[in-house]
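# Remarks on the overall topology
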Amino acid sequence: MNNPQFKTAALSYETAAAAERLTIPVNHELLKAFSFSVRQLSNHLGEAAEDELWRTPLALLKRYRFFMVSAPVPFDLAGLVDRSGLNTISRNLQMYSDVDRSAAALLSQAADLAARLNVLSDNPLLTALALAFPKGVGDALLLLNRSHLVPAVENILKKHPKTSVAAVVTQNQLKGDIYADRLVLVGAASWFPSFVVQAPRAKQLVILRYKWIHEQRREQSFFIDGWAQSDATAIENSKEVQAEVSWSDDVGIHESELLSPIDWARIHATAIGNNRTHDIEDISARLVMLEGDFAVFVEEDSGASVLTINPDADEKQERVVRMPPSLLKPEMFIILRSTGGSDYIVTMADKLLGSTAASCRGQQQDWKDRLRTLVLDSSLLEVSVKLLDAGSTSRAYETNVRNWISSRNIRPHSYEDFSAIMRIIGIPDKAEEYWRSMEHIARHHQRAGQQIRRLLLRKLRSMDLTNLRRLGRLDIALPDADAGTLTAFRVMAIEPITRLIPAGHLNHPFHYGGAYAADAAV
Amino acid sequence: MPTPSRRDWSKTLCYHTGGTWRPLPHWALSLIEIGWKLEDRPASNERVALVIVVPDRRFAAALLGLGHILAQAVPFPTKEELDLHFDALLALPDPAMTPTPMIYLSDGRSYRGVHAGVRQVEGQPRIRVCVQERASDRSGGATHLIDRARAGKLHVDPEPHNRLGRNVNGRSLSKSRSFAKQVYDSSELGRLHIFARPTLLMIGRLNALRNEILYEDFATPDKRGAYKEGVFNDLLRVDRFLPSSLRARTRLIPAAAEEPIVEAGDSPPKLVIFDGADTHLRWCHHFKATDAVSIFCHKDRQLDDAVANINQRYATRCESKDRDSLKVLEPLQREFDGIAFLEVRR
């Protein structure tokens, strides 16, 4: 008699069917005033909010506002607001005023309110939660929209007698078999993926939200003419608990206003700078926002790949999967080398190549340098034409030539193309010898990839992946691989466009500072 | 034709919880019912595209498949099929030159045997199958004579075996035969082992489906109230989870497979189940002539893409046909979101 999986599935259905929704409206006059003042400033600035001058202070204020409405933390929690940034705003008020006196006044007001809030130890969200459940929240999960405040909130909940048994979770953890009597969502329900609300893992779904945050109701069915009815029943069943002072003002802030669009250009500039001219070796890449205010460029080329971890994989072998970057999605986990350079495959491959590494890499460097020089002396187009004349069988488009020059590419797919390259760079007699070396390198790259994957799979067997799900980030040391430290990062968002970037920036995670993305709509 | 009793039987299915057997919950019965209703539809030149979104994908494919299988009568072999089978056995090579391994089925048990030639009895050929090792000149070597009428009980064993057993007990066709026997009578059980054809195709994660179909116990009370235990595979008879000598009613393709493996002579499935949004996206274009159920879970990583695919297909259909006439199957359970509509078979 064995039914562990069926019992768990039954529990999922039971909780989904029984879930009752409870909204706890919270209020705090000063926070409301601050939130509205930020909104007023933003509305006043309109498109000017994108100007460098206003963007930084506005991002700072919005980030602070988002933190305060999205987690039950005291307003004076260290690190919640950039104090030096607030001081900078105060110091530069005259400069702002010279540009737009009204905006400067609004900025001053918002910064002043932020400074006043930041000395208060008030934690209205926690207070309201405790008031709503006088006997304690009991077996509850508190779901946060972002991982980085998890440790702080855990600490705060533990210290409060009414919440001491509650656990803090992130949405990724809720994908596992985790159930509770109560699931508390902080902020707006629409900030969370649909499964959190539509298939809740608790019998009671508590939405802890400032009263002035307005939320649009979700579509009830995924499908056009779908089965799910309009949420009339759910609305009738939902309750509202009066947890604090009554509030009669109907004016509110829409939940989506509290989230900012991701400033991809700014993140890009953090790594590459604003005014860089393009180089022939630049690679087409996509920017990926990672957990913990990190980002990375991943190559867009169809032959490129990234290593991913799926902690919930059905088969153990599927836990570590190499996939084209185009298949990356938010909530996946990507493995990157966080120390020791960007490409662990090259390091490992060189180790496997042993004594032949130096000569093979030397030859690789040689033909690429010669081809690069040829392009610099003429143009990509001219070199493409020359290659065709020299017998290149594939269409020697400029993109192909660019790829062949790149240090990330080992060799062309066909020997005919390689032979044509060797002809136009003036060393046709070495074509076969060099080709053998390139084949040798390619084989060892493949072996290196397989070996890293094997080592990762072995390592993961002995690792607790809870923190990966919870905090969205996990360091994995592979001493046998000489690969430096690998880190698995949760993918938060992927830039919809591609950019040309220097190859050296690929797959190298960088910290962009969260000032303009902590409240990003991901 | 499906019998109502089989449908009722599904309502007696129990799972084990809190130290006791309890009837399957409503959602599970709803899934069985959906599978049943899909099989129960009259033939049409339009196929059903059904999608359900469930809070937990576990067991949904198995339960839907169970409904589909239960709704089907166990096929009776035609006389022509039996004749062809017997003729093929008669044409087996001379056992003195090439001993052919055989499987002989009798009374709910299977026996490993070796082809021992053909003997004429009363002018009719009978195939000899030896099922016991000969211990001496005077003992062992039990042999059965199979005539044309009982041809369905004898098969070539695709797994070669070198030695016969010393005892002749054989082994039970299924450790949970009593569970399946609550559904099928003995004649049906025999036919299942020999003439079942896969009419259901499941595509999903192999390990997860294996756990659900092979390793979770369910039970059903007999007339005396005693619980007969079994696993879903006793009824679904999934090809991957059966010995190769037994005939399957369900084919299972791992979601990660490169291409659908279709063998010569395979008849197309009557129903295909895509277990998961990713499976749906990867495989739905392969099966455009078959009724299809896609099971999505709120947590599926590719849910949005899969939903977009369905909405786009539905919107396209709505351009050429009235919405109401496209609808099929009413929602059965409050927990499910979903849609069912008719598409042109291709």
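Just so we're clear, the structure is a prediction, and the values are computed from it rather than from any experiment.

Before going further, it helps to examine the pattern of salt bridges. Evaluation of the coordinates by the stated rule reveals 34 salt bridges over all chains. Notably, a salt bridge pairs Asp56 of chain B with Arg58 of chain B, separated by 2.7 Å at the nearest N-O pair. Under the relative-accessibility criterion, Asp56 of chain B is labelled buried at 3%. Of the residues examined, Arg58 of chain B reaches a relative accessible area of 13% and is grouped as buried. The salt bridge partner of Arg57 of chain B is Asp300 of chain B, with a shortest N-O separation of 3.1 Å. Taken together, the residues Arg57 of chain B in the loop between strand 3 (46-54) and helix 3 (60-70) and Asp300 of chain B in the loop between strand 15 (291-297) and helix 10 (303-320) connect sequence positions 243 residues apart. The same class applies to Arg57 of chain B as to Asp300 of chain B, namely buried. Bridged by salt links that share partners, the residues Glu52, Arg55, Asp263 and Arg266 of chain A form one connected network.

Okay, helix 3 of chain B next. A large share of helix 3 of chain B lies buried, amounting to eleven of its eleven residues. Within helix 3 of chain B, burial applies to Ala60, Ala61, Ala62, Leu63, Leu64, Gly65, Leu66, Gly67, His68, Ile69 and Leu70 of chain B.

Our focus in this paragraph is the sheet that holds strand 3 of chain B. Residue and element names in this part refer to chain B. One open sheet accounts for six strands, arranged 13-10-14-15-3-16; its pairing is mixed. Edge positions in the sheet fall to strand 13 (250-254) and strand 16 (337-344), since each has one partner strand and no second. On average, each strand axis in the sheet is tilted by 15° relative to the strand beside it, whichever way the strands run. Taken together, the four bridges between strand 10 (residues 200-204) and strand 14 (residues 271-275) define a ladder with parallel strand orientation. Looking at the pairing, Ile203 lines up with Phe274 of strand 14. Along the sheet face, helix 7 (residues 206-214) touches strand 10, strand 13 and strand 14 and points at about 125° away from the line of strand 10.

This brings us to the sheet that holds strand 1 (residues 14-17) of chain B. Taken in spatial order, the four strands of this open sheet run 2-1-11-12 (chain B), and their pairing is antiparallel. The open sheet has two edge strands, strand 2 (20-23) and strand 12 (227-230) of chain B, and neither has a second partner. Between one strand and the next, the sheet's axes are offset by a mean angle of 45°, whatever the strand orientation. In the packing of helix 1 (residues 4-18) of chain A onto the sheet, contacts are made with strand 1 and strand 11 (218-221) of chain B, and the angle to strand 1 of chain B comes to roughly 95°.

This brings us to the pairing of strand 5 (residues 202-210) of chain A. Residue and element names in this part refer to chain A. Counting buried positions along strand 5 yields eight of nine residues, so the element is predominantly enclosed. Where strand 1 (residues 20-26) and strand 5 come together, seven bridges link them in parallel fashion. Looking at strand 5, one finds that Val26 is bridged to Tyr210. Of the strand pairs in this sheet, strand 4 (residues 180-186) and strand 5 are connected by six bridges, and their pairing is parallel. The residue of strand 5 that forms the bridge with Val184 is Val206.

Now for the nonpolar core. Among the nonpolar cores identified, the biggest contains 81 residues, and Phe34, Leu61 and Leu185 of chain A are the most heavily contacted of them. When sequence neighbours within four positions are dropped, the list of residues in contact with Phe34 of chain A reads Leu61, Tyr64, Arg65, Met68, Ala110, Leu113, Ala114 and Leu117 of chain A. One finds Ile34, Val54, Phe179 and Ala196 of chain B within the second-largest nonpolar core, a separate group that totals 59 residues.

All names here are of chain B. Taken over all residues, the pLDDT of chain B has a mean of 84, while the share at 70 or more is 87%. When mean pLDDT is compared element by element in chain B, strand 14 scores highest at 96, while strand 9 (residues 171-172) scores lowest at 65. For this predicted complex, the interface confidence reaches an ipTM of 0.78, while the overall pTM sits at 0.76.

This part is about the interface of chain B and chain A. When the parts of a complex come together, some accessible area is lost, and that lost area is often taken as the interface size. With 53 residues of chain B in contact, the opposing surface of chain A contributes 40 residues. Buried area between chain B and chain A, summed over both chains or domains, comes out near 4300 Å², and the portion from carbon and sulfur atoms is 56%. Here Asp225 of chain A and Arg323 of chain B are joined by a salt bridge, their closest N and O atoms 3.0 Å apart. Inspection of the chain B/chain A interface yields 15 residue pairs in polar contact (both at pLDDT 80 or more). For the side of chain B that touches chain A, the secondary structure elements donating two or more residues are strand 1, helix 2 (26-39), strand 3, helix 7, helix 10 and strand 16 of chain B. In terms of residues, the side of chain B that touches chain A owes the most to one element, helix 10 of chain B, which gives seven residues. Across the side of chain B that touches chain A, the residue classes tally to 31 nonpolar, seven polar and 15 charged.

All told, the structure shown has 25 aromatic pairs over all chains when counted by the stated rule. Ring geometry for Tyr210 of chain A and Trp212 of chain A: centres 5.4 Å apart, planes at 25°, overall stacked. With respect to class, Tyr210 of chain A is no different from Trp212 of chain A; both count as buried. With a centroid separation of 5.8 Å and an interplanar angle of 65°, the aromatic rings of Trp9 of chain B and Phe179 of chain B are classed as edge-to-face. Note that Trp9 of chain B is positioned in helix 1 (residues 4-10) and Phe179 of chain B in helix 5 (residues 177-181), a separation of 170 residues in sequence. Residue Trp9 of chain B shares its accessibility class with Phe179 of chain B, and that shared class is buried. Through successive ring pairs, a cluster of aromatic residues spans Phe6 and Tyr13 of chain A together with Tyr15, Trp27, Phe59, Phe218, Phe232 and Phe336 of chain B. If you follow Lys32 of chain A out to its NZ or CZ, it ends over the ring of Phe36 of chain A, 4.9 Å from the centre.

What follows concerns the pairing of strand 5 (residues 109-121) of chain B. Residues and elements named next belong to chain B. As judged from the six bridges shared by strand 4 (residues 101-106) and strand 5, these two strands associate in the antiparallel manner. Paired with Ile103 across the strands is Arg112, a residue of strand 5. Here strand 5 pairs with strand 6 (residues 124-130) via six bridges, running antiparallel. Residue pairing in the sheet places Val121 in a bridge with Gln124 of strand 6.

Procedures and definitions
- Residue numbers run consecutively from 1 along every chain, following the written order of its sequence.
- Labels follow written order: the first chain is A, the first ligand is 1, and so on.
- Owing to the predicted nature of the model, reporting of local features is limited to residues with pLDDT of at least 70; listing and counting of side-chain atom pairs is limited to 80 or more, with chain, interface and lining totals taken over all residues.
- Side-chain metrics rest on all non-hydrogen atoms present in the structure, leaving aside hydrogens and water.
- By convention in these notes, a salt bridge is any Lys or Arg side-chain nitrogen within 4 Å of a carboxyl oxygen on Asp or Glu.
- Burial here depends on accessible area, computed with a 1.4 Å probe over protein chains only, as a share of the maximum for the residue type. Under 20% is buried, over 50% is exposed, and the range in between is partly exposed.
- Helix and strand definitions here come from DSSP, where helices need a minimum of 4 consecutive H or I residues and strands a minimum of 2 consecutive E residues; each element is numbered from the N-terminal end.
- For two strands to pair, DSSP has to find at least two bridges joining them.
- Between N-to-C directions, angles cover 0 to 180 degrees, with each direction set by a line fitted to C-alpha atoms, over the stretch in contact for helices.
- What makes two residues a contact is simply this: any of their non-hydrogen atoms within 4.5 Å.
- Nonpolar core, defined: a set of buried Ala, Val, Leu, Ile, Met, Phe, Trp, Tyr and Cys residues in which side-chain atoms within 4.5 Å join the residues together.
- Values of pLDDT, ranging from 0 to 100, describe the predictor's confidence in every residue of the model.
- The buried area of a pairing is the accessible area, by a 1.4 Å probe, that goes missing from both parts when the two are put together, added over both.
- Residues adjacent in sequence count toward polar contacts only when both atoms are side-chain atoms; beyond that, a polar contact is any pair of N or O atoms within 3.5 Å, and within protein one must be able to donate a hydrogen and the other to accept it.
- Any residue that is not Ala, Val, Leu, Ile, Met, Phe, Trp, Tyr, Cys, Pro, Asp, Glu, Lys or Arg is counted as polar, Gly included; the first ten are nonpolar and the last four charged.
- Any two of the Phe, Tyr and Trp rings considered here, Trp counted by its six-membered ring, make a pair once their centres fall within 6.5 Å; the pair's planes then place it as stacked at under 30 degrees, edge-to-face at over 60, or tilted in between.
- By the criterion adopted, a ring carries a charge over it if an Arg CZ or a Lys NZ lies within 6 Å of its centre and within 35 degrees of its normal.

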